[in-house]
Amino acid sequence: MSELFDDDPRDTPPPGREVPRRSRALIITAVIVVLAFFGLTTFASFYTDRLWFRGAGFGSVFTTLFWTRAGLFLVFGAIMAIVVGLNMWLAYRHRPVFRMPSPEQSGLDRYREAVTPVRTWLLAGIALVMGVFAGTSGSGEWRNYLLWRNGTSFGDEDEYFGRDIGFYVFDLPWLHFLVDFTMAMVVVALLAAAVVHYLYGGIRLQVPQDRLSGAAQVQLSVLLGVFVLAKGVDYYLDRFDLVTQSGELFTGMSYTDDHAVLPAKNILMGIAVICAVLFFLNVWRRTWLLPSMGLALLALSAVLLGLIWPGIVQQFQVNPSQADKEESYLKANIDATRSAYDVADVEMEDYTASADLSTSLAALDDQTSSVPLVDPQLVRAAFEQEQQVRAYYSVADVLDVDRYPIDEEERALVLAVRELDQSGINEGDRNWGNLHTVYTHGNGIIAAYANARPQDNSAQEEAEGTEAEDAGIEWAEGDTERELTAATGGFETRVYYGEESPEYSIVGKAESDDPDVELNLPTGEDEAGTTSTTYDGDGDVAIGGFFNQLMYAVKYGEPNFLLSGRVNENSKILYNREPRERVQKVAPWLTVDADAYPAIIDGRIQWILDGYTTTDRYPQAQRESLDTMTDDSLDSPSALRAIPTDEINYMRNAVKATVDAYTGDVVLYAWDEEDPILEAWSNAFPGTVEPRSEIPEELEEHLRYPEDLFKVQRYQFARYHVTDPRDFYQGNNRWQVPEDPYSGAAAKLQPPYRLFVRNPGDAEETFSLTSTFVPFGKNNLASFVSVNADATSDDYGRIRVLQLPNEQTDGPGLVANAFTSDEGVRQALLPLQSGGAKPVYGNLLTLPVDDGLLYVQPVYTTRELSDASYPILQYVLTKYGEEVGVGNTLTESLGNLLGAEAGGPSTGGTGGGDGGNGDGNGNGDGAPTGSRQEQIAQLLATAEDAFAAAQDALADQDLATYQEQVEIAEDAVARALALSGQSGATAGGGGDAGAGGGASEAPSGSGSEAPEPAE
């Protein structure tokens, strides 16, 4: 090879042009400066990443990623560079000694003259550039490489090739890359060698014969033979892709694939091998006739067998009887999809949904006491106005729902971390020191009871007058924060890591007695002023040394790292502070849920996130876009989920992760320990995922079923609840997730809601994630679906579907229309609209109650044309069967629905103290007075008080008082139902009296007259 670096006597060097010495020095200096700049920035990025991973406790992740990617870069880059460089050298080394004079060769002389002096540098440069491209491509395949190295068995085989599913998930992608790389490398080497041969006379295109020299023919024949042989291997691997490719009807092997495409792949594979042999034989035979015929046969066969023949089979065999032809393949797709998305064990049961209005108000109110009236999306504005006493406070766009024991009773709370929002800082105060050393963190958690009831969870009554808060409604005042602090025993309120945290902050002071400079945002009793504090956690990276300061100055392009007195020997820098980003960085193989929610655990605010293992290589399972499956009216456009490919056909909630809001510590816990993909990644990154047994009990109490997984499962189950392939093909029982009636022109899907639900047969309510289905293209209700979301329950993850019969049952869209058109609702909202208020409709909730489905929707009001306005809970709408109720509270709305205003006017107030002695209606033990409606309302109020007293007695284990109060309540309900036209009915705790509810006296479309609106 040394000949390449020597002057060739056959080549005449061109006359030299000497570059002026000064210009040459300037050029060299400029090149050195540019290279130094890029080198420094690259090194700074690498060095600071290393520091961050070590500071986060995941140094092994950085090491594994670095060496894996570096190794792949070097190996594939070196292979490409060597193969390309070697072929260029061989082409030059075996160039013809003499070149016959011709116009073609004369035209090439000037190019040879230009290339010859720099031929060595040119060869090295081309090989190096190709090597960099190949190395970069290889480095990007680190996921497939690590899965191939660490993959395990799924324990199940596909139906058509008998291969373990692990082969498709772990092995096949990497094998495909190796074959594709080989073909790409050979093509580049072939082109490079052909150019050299042509330049130096080894290939002559303008002569009638002997267009290729012997050396050129040998070299090109070998390269072409290797390429065609690699194509044969590619055809072999393509056979396995048939079970994961997307088809017109479903994903996976179809009849046409099985009977036309698969045989075609086998034939083409054989032709490719024969064609490769012919090219290799051409090394000795020195004729292009047979290789050319073989290559032409391969190309023609690829068209005829790979394109035309499958089209003929599809058109003339499959399409005329597609249901019959595809039945077995569709069955395989159904079974695989249900298994891949973990919906094979969903429990379906028939549900009559026959709303029985004989249900007593007290029983109905008891079953709906936990219904969330606080919309996590709409309450944001109220939190902002009521609790953000500084402009630089902020909360998330959509708040979170969690459970806490308040006064020994589990309550659902709507929560928001009070975070720092630097955009609210006065423009004149937004200097580097303030942004990065003073305004560094948020403080505390704002909370509201999801059911809008007070701390004792007592029933709400109708207000005397028009103020809704007089009815016992606790909206978004934020007082719950103090109650939450008491319930949890107190916690660290400073939030340095959150969804709204700054890009980076520098914390720490030089001496312990130096003044604090970090602004501590006021909470609770401290709202009158501000204090200062200093972060004393471990943080991310210490930057007290000059070199670290220099590296971060380069990373952020900020000289103040070196110049500012706020950066001292004890300083730490906090960055990568968004919880999802933080988890994604330490576990880049996870698909992270879009929603990180806070919980108070062991005296700290912890962000809890769900991590998924996904793939698009599960055989026969339906492939779909993750973004499409999870998109709904609450899904934020910025909620990007880190995922290598948007399309998936397998998903498991493999990991539960926590991020400490103060220290930033990330902990990954294995959740689905049977997931083979999680096992593979745990082998690739040992020690990064803690076993499930290490999850603290206090943390497990706040773990819940993840929303993204449930959205994906409901999206797929809408079609794949049908298991008979013929019914599936006909689509006669296809469901879909209903659109959110209030999503506007965007037509987004209705989001799932977290509720306490009591399904038929359950003894008590369970914390669940719920949704509904409607028939495809229709608005009537098809089914109600819920999943047990309580991680401490033995039935966690149990999905139940209440399937409705074919009779018409209104879906969310029709219910929203019924609310809008109801005369009683219009009468209630009209004074608000005429008074300059705007009604805002909240979550439209669906829940099973007494063999029926109850719809509940809060209605908020906000002042129009006011920047300071925020929604206030004003009304609650209910629908049960065909009746609609409206009231200031849920209790009042239910009473209105049943035919009486449960908390209506009375002579003795709205129920004071002991509900069992008659004081609740103001008449002692005598009969109620007033109009018929007033008497009904008084009796129902008495019943409510009695039931409440009975529950208190039961809690005190006073069974005698409990029985007495239940009898009083039953008697009051029976008398109320009799007054409303249901004489002879009996009333019990379950409420099985007659139907009707006195609706004949109500305005059209409503159970009763609408209550007076609150101002």
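What you are looking at is a predicted structure, and each value in this text was computed from that prediction instead of being measured.

1. Some details on the overall build of the chain
Scanning the chain from N- to C-terminus turns up 28 helices and 30 strands. By residue count, 53% of the 1015 residues in the chain fall in the buried class. For the chain, long-range pairs separated by at least 24 residues make up 70% of all intrachain contacts whose partners lie at least 6 apart in sequence. A total of about 43500 Å² of accessible surface is found on the chain, and carbon and sulfur atoms cover 53% of it.

2. Some remarks on the environment of Phe 76
For Phe 76, the position within the fold is in helix 2 (residues 59–93). Taking the relative accessible area as the measure of exposure, Phe 76 reaches 6% and is therefore buried. The contacts of Phe 76, once residues within four sequence positions are left out, are Ala 134, Gly 135, Gly 138, Trp 174, Phe 177, Leu 178 and Phe 181.

3. What to know about the pattern of salt bridges
This structure, assessed with the given rule, holds 26 salt bridges. Here Lys 711 makes a salt bridge to Asp 632, at a shortest N to O gap of 2.9 Å. A residue pair is termed long-range when its members are at least 10 positions apart, and Lys 711 in helix 22 (residues 707–720) and Asp 632 in the loop between helix 19 (626–630) and strand 18 (647–648) qualify at 79 residues. Judged by relative accessible area, which is 5%, Lys 711 ranks as buried. Assessed through its relative accessible area of 1%, Asp 632 is described here as buried. Asp 672 is paired through a salt bridge with Arg 652; the nearest N and O atoms lie 4.0 Å apart. Separated by 20 residues along the polypeptide, Asp 672 in the loop between strand 20 (666–670) and helix 20 (676–684) and Arg 652 in strand 19 (residues 650–660) bring together distant segments of the chain. Judged by relative accessible area, which is 21%, Asp 672 ranks as partly exposed. Bridged by salt links that share partners, the residues Asp 324, Glu 327 and Arg 726 form one connected network.

4. Regarding the packing of aromatic side chains
Scanning all chains against the criterion turns up 51 aromatic pairs. Geometrically, the ring pair formed by Tyr 92 and Tyr 200 is edge-to-face, given 5.1 Å between the ring centres and 85 degrees between the ring planes. Linking Tyr 92 in helix 2 with Tyr 200 in the loop between helix 6 (165–199) and helix 7 (214–241), this pair joins segments that are 108 residues apart in sequence. The pair Tyr 92 / Tyr 200 is uniform in exposure class, with both members buried. Over the face of the ring belonging to Tyr 92 we find Arg 95, whose NZ or CZ atom lies 3.8 Å from the ring centre.

5. A word on unusual backbone geometry
You will see that Asp 342, though not glycine, has its phi angle at about 60 degrees, which is positive. You can see Asp 342 is positioned in the loop between helix 11 (327–340) and strand 1 (347–350). Positive phi, normally seen in glycine, also occurs at Asp 602, with a value near 55 degrees. Mapped onto the elements of the fold, Asp 602 is located in the loop between strand 15 (597–601) and strand 16 (604–615).

6. Concerning the sheet that holds strand 7 (residues 445–449)
The three strands lie next to each other as 3-4-7, forming an open sheet whose pairing is antiparallel. Each of the sheet's edge strands pairs with one partner strand only, and the pair in question is strand 3 (400–406) and strand 7. Pairwise comparison of adjacent strand axes, ignoring direction, gives a mean angle of 45 degrees for this sheet. Sheet topology places strand 3 next to strand 4 (residues 409–417); seven bridges connect them, and they run antiparallel.

7. Brief notes about a negative patch on the surface
On the surface, a cluster of negative charge is contributed by Asp 602, Glu 697, Glu 698 and Glu 701. Examined against the element boundaries, Glu 698 turns out to sit in helix 21 (residues 697–700).

8. What about the sheet that holds strand 12 (residues 541–542)?
Ordered by their spatial adjacency, three strands build an open sheet running 9-13-12, and the pairing between neighbours is antiparallel. Every other strand in the sheet has two partners, leaving strand 9 (504–507) and strand 12 as the edge strands with one partner each. In terms of strand pairing, strand 9 meets strand 13 (residues 572–575) through four bridges, oriented antiparallel. The residue bridging Val 507 from the neighbouring strand is Lys 572, located in strand 13.

9. Here's the deal with the packing of helix 11 against helix 22
Between two packed helices, both the angle of their axes relative to each other and the distance between the axes serve to describe the pair. Where helix 11 contacts helix 22, the axes come no closer than 11 Å and their chain directions differ by 155 degrees. Considering their axes alone, helix 11 and helix 22 lie roughly antiparallel with respect to each other. As for how helix 11 packs across helix 22, the hand of that crossing is left-handed. Facing Asn 333, Ile 334, Thr 337 and Arg 338 of helix 11, the residues of helix 22 in contact are Gln 716, Phe 717 and Tyr 720. Of the residues in the contact of helix 11 with helix 22, the class split is three nonpolar, three polar and one charged.

10. As for the side chain of Asp 402
Along the polypeptide, Asp 402 turns up in strand 3. One buried charged residue, Asp 402, remains without a salt bridge, the closest side chain of opposite sign being Arg 403 at 4.2 Å.

11. Details of the pairing of strand 25 (residues 799–803)
Where burial is concerned, most of strand 25 is hidden: five out of the five residues are buried. Here strand 25 shows two buried faces, one formed by Ile 799, Val 801 and Gln 803 and the other by Arg 800 and Leu 802. With four bridges connecting them, strand 1 and strand 25 associate as parallel partners. Bridge pairing in strand 25 places Met 348 opposite Val 801.

12. Digging into the confidence of the model for the chain
Counting all residues, the mean pLDDT for the chain is 81, and 80% of those residues have values of 70 or more. Per-element mean pLDDT across the chain ranges from 63 in helix 12 (residues 361–367) up to 97 in strand 20. Note that residues 900–925 has pLDDT below 50 and, in this model, 62 contacts with residues that lie over four places away or in other chains. This stretch, residues 981–1015, has a pLDDT under 50; its non-local contacts, to residues over four places away or in other chains, come to 98 contacts.

13. Section: the side chain of Gln 750
Tracing the backbone shows Gln 750 in the loop between strand 21 (735–736) and strand 22 (753–757). Taking relative accessible area as the criterion, Gln 750 reaches 5% and is therefore assigned buried. Looking at Gln 750, its side chain comes within polar contact range of the main-chain oxygen of Leu 844, at 3.3 Å. Those residues in contact with Gln 750 that sit more than four places away from it in its chain are Asp 632, Arg 714, Val 737, Pro 738, Glu 739, Asp 740, Pro 741, Thr 772, Pro 812 and Leu 844.

14. Describing the nonpolar core
Among the nonpolar cores identified, the biggest contains 150 residues, and Tyr 552, Phe 561, Ile 573, Trp 589, Leu 668, Trp 681 and Phe 685 are the most heavily contacted of them. Examining the composition of this core, we find that 14 residues originate from one element, helix 6, more than from any other. Residue contacts for Phe 561: discarding those within four places in its chain leaves Tyr 504, Ile 506, Ile 543, Gln 549, Tyr 552, Ala 553, Tyr 556, Val 567 and Ile 573. Within the second largest apolar cluster, 41 residues are counted, among which are Leu 802, Val 876, Val 884 and Leu 890.

15. So, the environment of Gly 777
Within the element layout of this structure, Gly 777 appears in the loop between strand 23 (766–775) and strand 24 (783–788). Note on Gly 777: relative accessible area 61%, which makes it exposed. Once the C-alpha coordinates of Gly 777 and Arg 734 are considered, the two residues, 43 residues apart in sequence, prove to be 9.3 Å apart.

16. Concerning helix 9 (residues 289–318)
Think of an α-helix as turning once every 3.6 residues; residues three or four places apart then point the same way. With 30 residues, helix 9 extends 40 Å from end C-alpha to end C-alpha; this agrees with the ideal 44 Å at 1.5 Å per step. At Ile 308, helix 9 is bent by approximately 30 degrees, the largest bend along its length, and proline Pro 310 sits one to four residues beyond. Taken together, the buried positions of helix 9 are occupied by Pro 291, Gly 294, Leu 298, Ser 301, Pro 310, Val 313, Gln 314 and Val 318. Elements that come into contact with the buried residues of helix 9 comprise helix 7, helix 8 (255–285) and helix 10 (322–325).

17. Re a nonpolar patch on the surface
Side chains of Leu 300, Val 303, Leu 304, Leu 307, Ile 308, Trp 309, Ile 312 and Phe 316 sit close together on the surface and give an oily, nonpolar patch of about 790 Å² of accessible area. Of note, Leu 307 is situated in helix 9.

18. Regarding the packing of helix 2 against helix 5 (residues 142–150)
Here helix 2 crosses helix 5 at 105 degrees, and the two axes come no closer than 10 Å. The angle between helix 2 and helix 5 falls in the class roughly perpendicular. Counted together, Leu 65, Thr 68, Arg 69 and Leu 72 of helix 2 and Trp 142, Tyr 145 and Leu 146 of helix 5 form the full contact between these two elements. Tallied by class, the residues present in the contact of helix 2 with helix 5 amount to five nonpolar, one polar and one charged.

19. What about the pairing of strand 19?
Counting buried positions along strand 19 yields eleven of eleven residues, so the element is predominantly enclosed. Examined bridge by bridge, strand 16 and strand 19 share ten bridges and lie antiparallel to one another. Pairing of Gly 611 across the sheet is with Val 655, part of strand 19. Relative to strand 20, strand 19 is paired through five bridges, and the arrangement is antiparallel. Bridging across to strand 20, Ala 657 finds its partner in Leu 668. Adjacent in sequence and paired antiparallel, strand 19 and strand 20 are bridged by five residues, among which Gly 664 carries a positive phi angle near 80 degrees.

Calculation notes
Every chain is numbered on its own, with residues counted from 1 as its sequence reads. Per-residue local features of the predicted model are confined to residues with pLDDT of at least 70, and side-chain atom pairs are confined, for both listing and counting, to 80 or more; whole-chain, interface and lining totals are unaffected and use all residues. By convention in this description, side-chain values take in all heavy atoms of the structure and omit both hydrogens and water. For helices the rule is a DSSP run of H or I covering at least 4 residues; for strands it is a run of E covering at least 2, with both sets numbered from the N terminus onward. Burial status follows relative accessibility: with a 1.4 Å probe on protein chains alone, a residue under 20% of its type maximum counts as buried, one over 50% as exposed, and anything between as partly exposed. We call two residues in contact whenever any of their non-hydrogen atoms come within 4.5 Å of each other. The protein chains shown are the only cover counted for residues, whose accessible areas, like all others here, come from Shrake-Rupley with a 1.4 Å probe. Salt bridges are counted wherever a side-chain nitrogen of Lys or Arg sits within 4 Å of a carboxyl oxygen of Asp or Glu. Ring pairs are drawn from Phe, Tyr and Trp, using the six-membered ring of Trp, whenever the two centres fall within 6.5 Å, and their geometry is named by plane angle: stacked under 30 degrees, edge-to-face over 60, tilted for the rest. Look at NZ for Lys and CZ for Arg. If either is within 6 Å of the ring centre and within 35 degrees of the ring normal, a charge sits over the ring. Each pair of strands is called paired provided DSSP finds at least two bridges between the two strands. Each axis is a line fitted through C-alpha atoms, taken for helices only over the stretch in contact, and angles between the N-to-C directions span 0 to 180 degrees. Note that patches include only residues with greater than 30% relative accessible area and no salt bridge, and the join distances are 9 Å for like charges and 5 Å for nonpolar side chains (Val, Leu, Ile, Met, Phe, Trp, Tyr). Note on charges: Lys and Arg go in the positive column, Asp and Glu in the negative column, and His and the chain ends are not counted at all. The atom standing in for a charge is NZ when the residue is Lys, CZ when it is Arg, CG when it is Asp and CD when it is Glu. Orientation categories follow fixed angle ranges, with anything under 35 degrees roughly parallel, anything over 145 roughly antiparallel, 65 to 115 roughly perpendicular, and all other angles oblique. Each crossing gets its handedness from the near helix: less than a right angle anticlockwise from the far helix is left-handed, clockwise is right-handed. Note on residue categories: nonpolar means Ala, Val, Leu, Ile, Met, Phe, Trp, Tyr, Cys or Pro, charged means Asp, Glu, Lys or Arg, and polar means any other residue, Gly included. Each residue carries a pLDDT score, the predictor's own confidence in it, on a scale running from 0 to 100. Pairs of N or O atoms within 3.5 Å make up the polar contacts considered here, provided that, within protein, one atom can donate a hydrogen while the other can accept it, and that residues adjacent in sequence are counted only when both atoms are side-chain atoms. To qualify as a nonpolar core, a set must consist of buried Ala, Val, Leu, Ile, Met, Phe, Trp, Tyr and Cys residues joined through side-chain atoms within 4.5 Å. A helix's residues, less one, multiplied by 1.5 Å, set its expected span. Note that bend, as reported per residue, equals the angle between axes fitted to the 7 residues terminating at that residue and the 7 residues originating from it.

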